[in-house]
Amino acid sequence: MDHSLGIDWKALKKGEVSMGTTIAAVKYDGGVLLAADSRTTTGAYIANRVTDKLTQIYDNIWCCRSGSAADTQAVADILHYYLQMYEAQNGAPPTVRVAANLAAEMCYSNKDNLSAGLIVAGWDAKSGGEVYSIPLGGSIHKQDIAIGGSGSTYIYGYVDTNFRKDMTREEAIDFLKHAIALAMERDGSSGGVIRMAAIDGKSIDRYFFADADIPAAWNAPASAT
Amino acid sequence: MSLNHLTFTEPWSHKGEDLRQGYVADRNFVPASSSAAAVSYNHDVASDPRTHTTSPIVTGTSVIGLKYKDGVMLAADNLASYGSMARFRDIERILKVGDHTIIGIGGDISDLQYIENLLNQLTISERDAADGHILGPEQIYEYLSRVMYNRRSKMNPLWNAIVVAGINPVTRRIVTPAMTPSLEQKNRQGAFLGFVDLLGTTYSAPVIATGMGSAMAIPLLRKATDNDAWKTLEADDARKVLDECMKVLFYRDARSLNKFTVAKVASTTDESGASTGIAVTFEKDQSVATQWAFAEKQYGYK
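Report follows, based on the coordinates. (Residues numbered from 1 in each chain as written. Chains lettered and ligands numbered in written order. Predicted model: local features only at pLDDT ≥ 70, side-chain atom pairs only at ≥ 80, totals over all residues. Heavy atoms only, no water.)

The secondary structure content of chain B amounts to six helices and 13 strands. For chain B, with 302 residues in total, the buried portion stands at 46%. Long-range contacts, defined as pairs at least 24 residues apart, comprise 67% of the intrachain contacts of chain B with a sequence gap of at least 6. Put simply, chain B shows about 15600 Å² of open surface, and 52% of that area lies on carbon and sulfur atoms. (Helix = DSSP H or I, 4+ residues; strand = E, 2+ residues; numbered from the N terminus. Buried < 20%, exposed > 50% of the residue type's maximum accessible area, 1.4 Å probe, protein only. Contact = heavy atoms within 4.5 Å. Areas by Shrake-Rupley, 256 points an atom, 1.4 Å probe, with all protein chains shown as cover.)

Okay, structure coming up:
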């Protein structure tokens, strides 16, 4: 075991801003749907209560960011640059698989210095909708549904029980909205509003849910919004 | 102790903060020889003293309070967090002690329940004594400050921040001509608001707030009460200030909940303005309206 000063270098540095977070992405019949809460914290202080954690890295390729806000912004920016270079050099837009693998490459080679959990999802003509999970170590996992961030621990049961393949977009929106809402309910590091982005090759539609539009769990405290 | 927003409620979460290996279970503890060279990397954890009590587990967040024209008002949300998890959402953190005092408690919930028990026992003993004296907020405050300080002196603190509020009951007041103004002031019947914490630190002021409220709510509370303005502050206006503070805390404290209790100790008067006594009231399941719709127009991070 490594006793080098016993320091957990990978942990957030003092004062570093974290996206505590709940993020998710699901493949539905025709495309992918990304979803996230909107809370960014520095310890227990909410630095941004209306964060946009869904980031576009190419036309039809987006990613959900969790972990260090700085690290994930840096990775997303560099990924965007790489994908633009890819199109210029290869004459064709990158596929979701290429984007995800590039992101994983960055996260893996810099694993000692990064605290980033990404979900890369999008649509391309070759494979349709695809979702890739890239957790902390920099591994890559292709999945039909991916959840991440500190709040995700609270909804593994809900997701495992309620996920179905080939849902319609409306069903997918309903499913993720309930999932994220449940996580926001219990995770102190998640909260605010729910943002979503649906990508199906024809268009990209952003969704926004706040206040009464966010479902309340059956035993949630009643509150006026 | 580093000034981090988590120090009070999650002292164990300072990963990577110090370079010491070895006995660092208590963040406030400084070993006799603090040079890195003296520290052993292979100490036997089993023989370290147990320090469970210096790490709060289930915690409550801010308590806020202010004095106003008719008395005092406190507010505290109903959440008990387990680290970052919103574990219990129906906890009442404001206690009624006798008919003249309310106390709001933040910090460790098991210690809150212990204090609740202590105060119940105290009430029973006082009732037993039946000596004509009533326990008012100043007595509860003094009692709690002794308990808290003595526990800290035994290196076994009750990990809480407590706000004591109420109106001193009318008892025989002995005022002599030779009394200094401050003594006379103390003897006067009136609203009381005080703070005691895990170190036994105490102070009294027209506004008190614990936890994150001490940074975010105090400025708002002071604006409404500064320069004796609290003496003419109406109940509705005091309530509006508390609601505004609870809203800000719900927006910015990641360990808060939009469900809280507002308790007040107020002197009641009849139509002619004559005093008819002191009433303690609790308004439970309160919440504030919050703004989020504006965020729809905001996107990206650049």
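Moving on to the overall build of chain A. For chain A, the helix and strand inventory stands at four helices and 13 strands. Intrachain contacts of chain A at a sequence separation of at least 6 include 61% that bridge at least 24 residues. Surface summary for chain A: the accessible area is close to 9800 Å², and the carbon and sulfur share equals 51%.

All right, on to the packing of aromatic side chains then. Tallied over the entire structure, the rule returns seven aromatic pairs over all chains. With a centroid separation of 5.1 Å and 35 degrees between ring planes, the pair formed by B:F195 and B:Y203 is classed as tilted. A relative accessible area of 10% places B:F195 in the buried class. Pairing B:Y251 with B:W292 gives two aromatic rings, centres 5.8 Å apart and planes at 90 degrees, and the pair type is edge-to-face. A residue pair is termed long-range when its members are at least 10 positions apart, and B:Y251 in helix α6 (residues 235-252) and B:W292 in the segment after β13 (275-286) qualify at 41 residues. Take B:W292: its relative accessible area is 8%, and that puts it in the buried class. An aromatic cluster is built from A:Y158, A:F163 and A:F175, whose rings are joined through pairwise contacts. A:R49 extends its terminal NZ or CZ atom over the ring of B:Y251, reaching a point 3.4 Å from the ring centre. Lying over the aromatic face of A:F209, A:K177 brings its terminal NZ or CZ to 4.4 Å of the ring centre. (Phe/Tyr/Trp six-rings, centres within 6.5 Å; stacked < 30°, edge-to-face > 60°. Lys NZ or Arg CZ within 6 Å of the ring centre and 35° of its normal.)

All names here are of chain B. Grouped together as the largest cluster of nonpolar side chains are 26 residues, with contacts concentrated most on I64, L66, Y68, M73, L221 and L242. Elements with a minimum of two residues in this core: β2 (63-68), β3 (71-77), β11 (207-209), α5 (218-225), α6 and β12 (260-269). A per-element tally of this core places α6 first, with seven residues. (Core = buried A, V, L, I, M, F, W, Y, C linked by side-chain atoms within 4.5 Å.)

Attention now moves to the pattern of salt bridges. On inspection of all chains with the given rule, the structure shows 21 salt bridges over all chains. Across the salt bridge formed by A:E185 and B:R89, the nearest N and O atoms sit 2.6 Å from each other. Of this pair, A:E185 sits in helix α4 (residues 169-186) while B:R89 sits in the loop between β5 (85-88) and β6 (94-97), placing the two residues on different chains. We classify A:E185 as partly exposed; its relative accessible area is 22%. Overall, B:R89 belongs to the buried group, its relative accessible area being 9%. Notably, a salt bridge pairs B:K259 with B:D285, separated by 3.6 Å at the nearest N-O pair. Separated by 26 residues along the polypeptide, B:K259 in the loop between α6 and β12 and B:D285 in strand β13 bring together distant segments of the chain. Look at B:K259 and you get buried, because its relative accessible area is 10%. (Salt bridge = Lys/Arg side-chain N within 4 Å of Asp/Glu carboxyl O.)

Although it is not a glycine, A:D211 sits at a positive phi angle of roughly 50 degrees. Turning to its location among the elements, A:D211 is positioned in the segment after β13 (204-209). You can call A:D211 partly exposed: its relative accessible area is 25%. Despite not being glycine, B:M155 has its phi angle at roughly 55 degrees, a positive value. Along the chain, B:M155 turns up in the loop between α2 (137-153) and β8 (160-167). The exposed category is assigned to B:M155, whose relative accessible area is 55%.

All names here are of chain B. In spatial order, the strands read β11-β2-β3-β12-β13; together these five strands make up an open sheet with antiparallel pairing. Here the strands that pair on one side only, and so sit at the sheet edges, are β11 and β13. The average angle at which neighbouring strand axes cross in this sheet is 10 degrees, direction not considered. Examined bridge by bridge, β3 and β12 share seven bridges and lie antiparallel to one another. Paired with L74 across the bridge in β12 is A263. Most of the contacts of α5 go to β11, to which it runs at about 170 degrees, and overall it touches β2 and β11. (Pairing = 2+ DSSP bridges. Axes fitted to C-alpha atoms, helices over the stretch in contact; angles between N-to-C directions.)

Residues and elements named next belong to chain A. Reading across from one edge, β11-β2-β3-β12-β13 is the order of the five strands in this open sheet, with antiparallel pairing throughout. Sheet topology places β11 (145-148) and β13 at the edges, where each strand pairs with a single neighbour. Across the sheet, the axes of successive neighbouring strands diverge by a mean angle of 15 degrees, strand direction being ignored. Of the strand pairs in this sheet, strand β2 (residues 23-28) and strand β3 (residues 31-36) are connected by six bridges, and their pairing is antiparallel. In the strand pairing of β3, A25 is matched with L34.

What follows concerns the pairing of β2(A). When a strand is regular, its side chains alternate between the sheet's two faces. All names here are of chain A. Burial analysis of β2 places five of its six residues in the buried class, the great majority of the element. Pairing geometry for β2 and β11, over four bridges, is antiparallel. Considered in β11, the bridge of V26 is made with I145.

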